Amino acid sequence: MTHSRRAFLGAAGLMTAKPRMARGADANSAIRIGLLGCGGRGTADATSMVENAGGRIVALADLFSDQLDKAKARFNDLAAKHGHSAIDASQLFLGPHAFEQIAASKAVDAVVIATPPYFHPQHLAAVVDAGKHVYCEKPVAVDVAGTQRVLEIGKKAEGRLSLNVGLQIRHAPPFVELVKRIHDGALGEIAFGEAHYFCPFLGKGLAPAPSPEQRLRNWLYDRVLSGDILVEQNIHAIDICNWVLKSHPVKAAGLGGRKGRSEFGDSLGHSAVTFWYPDDVHVSFSSKQFGNGGGFDVSESFFGTRGNSQSPYSGVLGIKGEATWTWKDNEKTGSEKQQAEFSASGVFTDNLAQADAEKHKSFLQSIESGKFQNQAALGVEASLSAMLGRAAVYAGHEVTWDQLLQSNESWDSRLDVSKLDISKL
């Protein structure tokens, strides 16, 4: 197998659609957005699309009534601020079939999917089949079988819909400039890299023998629903490595465990993975998600024959060596509480301050212009790269990219959401 993304991912997501107006006579009006999954990240995405990109939230969907009520109050206040009408009661969708109902709504042009990652392929399929543009949070799936389904969904969307994936760091101005300089040769020949994602414990965790409701409400700590921390959270840093190195890893080896975590659950607490990229470039990656102190520390460094780069979420970002350069617009990072909010709900500071705004503007502009974006292939590549590290940690030995794909790994949540009693949620 060749190691280029184009060869692996094929035509899905790589064709360029001819520009055309996306919404006929209504193309210049605010794009009508439905939010599927009204938690912290979904709320942050939808809010940014209003505040930064001129969208309008017209529909909400969630499994839980309290989440739906909270989001309704939030977005009605935002609508009033921007001179929009309140969300109509008919556009509030509750329960196991809410994803199908919001996808089918004629009041909606685009849907933001911010549900537990296990459900992303199912929800993405419903939205694309309904002919709606879609912004799907990362990862696009939690297993290999799910990624292959997403590639097929991407083919259905090609040329007629924008299908965007929440890998917003690729739109953060400091990172864009840094990667451009690296690709222009500022580091020379890259020999190896180091990346890490260290963060504290983010919430309550799971109770022993959790009920379906508890698993769904606290899905971040459920290995199957989240994809585990390497896939759900660490995907951002791994995707930056792919971006810099213009490829995905070809194999990985790693170790990990739960030491340090005190709450019940089955997600990893820490990992240490070595990724091999084409041309024998090694990247050492480590992560942790436990403890109550220390805040967040996320960064990538690459070392080449002309110099080295560093790209922290917060702090000095730039290049040292023959082509020394520093991003000059760094802002001071906020308190540790602000940093915790950043990871849990997407409230970014410092080098990521403009990441969401630029990402969401790009998505809505693609709809308005008819120059549709198809990021299914990108989302799959990033998700599989993180899954490769996860597979190596779980196995305790080296796993290749081809072995991962051939496994066609498929996870079962052992949850039948369609049979949940809404009155008890």
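Undergrad: I would appreciate a short explanation of the packing of helix 2 (residues 40-51) against helix 13 (residues 355-369) in the present structure.
TA: Where helix 2 contacts helix 13, the axes come no closer than 9 Å and their chain directions differ by 65 degrees. When the axes of helix 2 and helix 13 are compared, the pair comes out roughly perpendicular. Considering how the two elements wind past one another, helix 2 and helix 13 form a crossing that is right-handed. Contacts between helix 2 and helix 13 involve Arg-41, Asp-45, Ser-48 and Met-49 from the first element and Asp-356, Ala-357, His-360, Phe-363 and Leu-364 from the second.

Undergrad: Help me understand the pairing of strand 13 (residues 318-321), please; the structure alone is not making it clear to me.
TA: Walk down a regular strand and you will see the side chains alternate between the two sheet faces. Two elements, strand 12 (residues 307-310) and strand 13, share four bridges in a ladder whose sense is antiparallel. Bridging across to strand 13, Asn-308 finds its partner in Lys-320. Here strand 13 pairs with strand 14 (residues 325-326) via two bridges, running antiparallel. Residue pairing for strand 14: Gly-318 is matched across the bridge by Thr-326. Hairpin geometry of strand 13 and strand 14 is characterised by an intervening segment of three residues between the two adjacent antiparallel strands.

Undergrad: What is the right way to read the environment of Phe-363 from this model?
TA: You can see Phe-363 is positioned in helix 13. In this structure, the C-alpha to C-alpha distance between Phe-363 and Ser-162, residues 201 residues apart in sequence, is 7.4 Å. Excluding residues that lie within four positions of it along the chain, Phe-363 makes contacts with Met-49, Ala-110, His-133, Val-134, Tyr-135, Ser-162, Asn-164 and Gln-373.

Undergrad: Even after reading the chapter, I still don't get the sheet that holds strand 5 (residues 133-136), so can you show me in this structure?
TA: Strand order in the open sheet formed by six strands is 3-2-1-4-5-6, and the pairing between neighbours is parallel. Strand pairing shows two members of the sheet lacking a second neighbour, strand 3 (92-94) and strand 6 (163-165), which therefore form its edges. Taken over all neighbouring pairs, the strand axes of this sheet differ in orientation by 20 degrees on average, direction set aside. Judged from the four bridges that link them, strand 1 (residues 32-36) and strand 4 (residues 110-113) form a sheet pairing that is parallel. Its bridge partner lying in strand 4, Leu-35 is registered against Val-112. Sheet strands in contact with helix 2 are strand 1, strand 2 (56-62), strand 4 and strand 5, and its direction is about 170 degrees off that of strand 1.

Undergrad: Just checking my understanding: could you explain helix 7 (residues 173-183) for this structure?
TA: Along an α-helix, a turn takes 3.6 residues, which lines up residues three or four apart on a common side. Taken together, the buried positions of helix 7 are occupied by Pro-174, Phe-175, Leu-178, Val-179 and Ile-182. For helix 7, the buried positions fall inside an angular range of 120 degrees around the axis, keeping them on one side. Among the structural elements, strand 7 (190-199), helix 11 (235-245), strand 11 (297-304), strand 12, strand 13 and strand 14 are those in contact with the buried residues of helix 7. A positive phi of about 105 degrees marks Gly-185, the residue just after helix 7.

Undergrad: Teacher, can you tell me more about the packing of aromatic side chains here?
TA: Both the distance between ring centres and the angle between the ring planes are used here to describe each pair of aromatic rings. Summed over the entire model, instances satisfying the criterion amount to six aromatic pairs. When the ring of Phe-192 is compared with that of Phe-303, the centres are 4.7 Å apart and the planes differ by 10 degrees; the resulting orientation is stacked. Separated by 111 residues along the polypeptide, Phe-192 in strand 7 and Phe-303 in strand 11 bring together distant segments of the chain. For Phe-192, a relative accessible area of 41% corresponds to the partly exposed category. A ring pair is formed by Phe-201 and Tyr-221, whose centres lie 5.4 Å apart and whose planes are at 50 degrees; its orientation type is tilted.

Undergrad: Just checking my understanding: could you explain the environment of Gly-146 for this structure?
TA: Positionally, Gly-146 belongs in helix 6 (residues 144-157). Residue classification places Gly-146 among the buried residues on the basis of a relative accessible area of 8%. Excluding anything up to four places from it in sequence, Gly-146 contacts Pro-121 and Ala-141.

Undergrad: Looking at this structure, how should I read helix 13?
TA: Helix length check: helix 13 (15 residues) gives 21 Å between terminal C-alpha atoms against 21 Å at 1.5 Å per residue, within 8%. Residues of helix 13 that are buried: Ala-355, Asp-356, Ala-357, Lys-359, His-360, Ser-362, Phe-363, Leu-364, Ser-366 and Ile-367. Looking at the buried positions of helix 13, the neighbouring elements they touch are strand 1, helix 2, strand 4, strand 5 and strand 6. One or two residues past the end of helix 13 sits Gly-370, with phi positive at roughly 80 degrees.

Undergrad: Just to check I follow, could you spell out the pairing of strand 10 (residues 281-289) for this structure?
TA: Here strand 7 pairs with strand 10 via eight bridges, running parallel. Note on strand 10: the bridge partner recorded for His-196 is Ser-286. Where strand 9 (residues 270-277) meets strand 10, eight bridges bridge the pair, whose relative direction is antiparallel. Bridge pairing in strand 10 links Phe-275 to Val-283.

Undergrad: What am I meant to see in the nonpolar core here?
TA: The tendency in soluble globular proteins is for nonpolar side chains to be buried side by side. Judged by nonpolar contacts, the single largest core of 87 residues is most densely connected at Leu-163 and Phe-175. With residues up to four places along the chain from it excluded, the contact list for Phe-175 reads Ile-169, Ile-240, Trp-243, Glu-300, Ser-311, Pro-312, Tyr-313, Leu-317, Asn-351 and Leu-352. Judged by nonpolar contacts, the second largest core, of 21 residues, contains Met-49, Ala-71, Phe-75 and Ile-87.

Undergrad: Whenever I open this one, unusual backbone geometry confuses me. Can you help?
TA: Residue Lys-138 is joined to Pro-139 through a cis peptide bond whose omega torsion reads -15 degrees. Along the chain, the position of Pro-139 falls in the loop between strand 5 and helix 6. Residue Arg-414 is not a glycine yet carries a positive backbone phi of 55 degrees. Counting through the fold element by element, Arg-414 comes out in the segment after helix 15 (401-407). For Arg-414, a relative accessible area of 72% puts it in the exposed group.

Undergrad: In this structure, what is going on with the sheet that holds strand 15 (residues 399-400)? I would like to understand it.
TA: The nine strands are arranged 14-13-12-11-7-10-9-8-15 in an open sheet whose pairing can be described as mixed. In the strand order of this sheet, the two ends are held by strand 14 and strand 15, each with one partner. Together, strand 8 (251-257), strand 9 and strand 15 form the strand contacts of helix 14 (residues 376-395), whose direction differs from that of strand 8 by roughly 60 degrees.

Each value, and the rule that gives it
Residues numbered from 1 in each chain as written. Predicted model: local features only at pLDDT ≥ 70, side-chain atom pairs only at ≥ 80, totals over all residues. Heavy atoms only, no water. Axes fitted to C-alpha atoms, helices over the stretch in contact; angles between N-to-C directions. Helix = DSSP H or I, 4+ residues; strand = E, 2+ residues; numbered from the N terminus. Parallel < 35°, antiparallel > 145°, perpendicular 65-115°, else oblique. Left-handed = near helix turned anticlockwise from the far one by under 90°. Contact = heavy atoms within 4.5 Å. Pairing = 2+ DSSP bridges. Buried < 20%, exposed > 50% of the residue type's maximum accessible area, 1.4 Å probe, protein only. Arc of directions from axis to C-beta. Phe/Tyr/Trp six-rings, centres within 6.5 Å; stacked < 30°, edge-to-face > 60°. Expected span 1.5 Å × (residues − 1). Core = buried A, V, L, I, M, F, W, Y, C linked by side-chain atoms within 4.5 Å.

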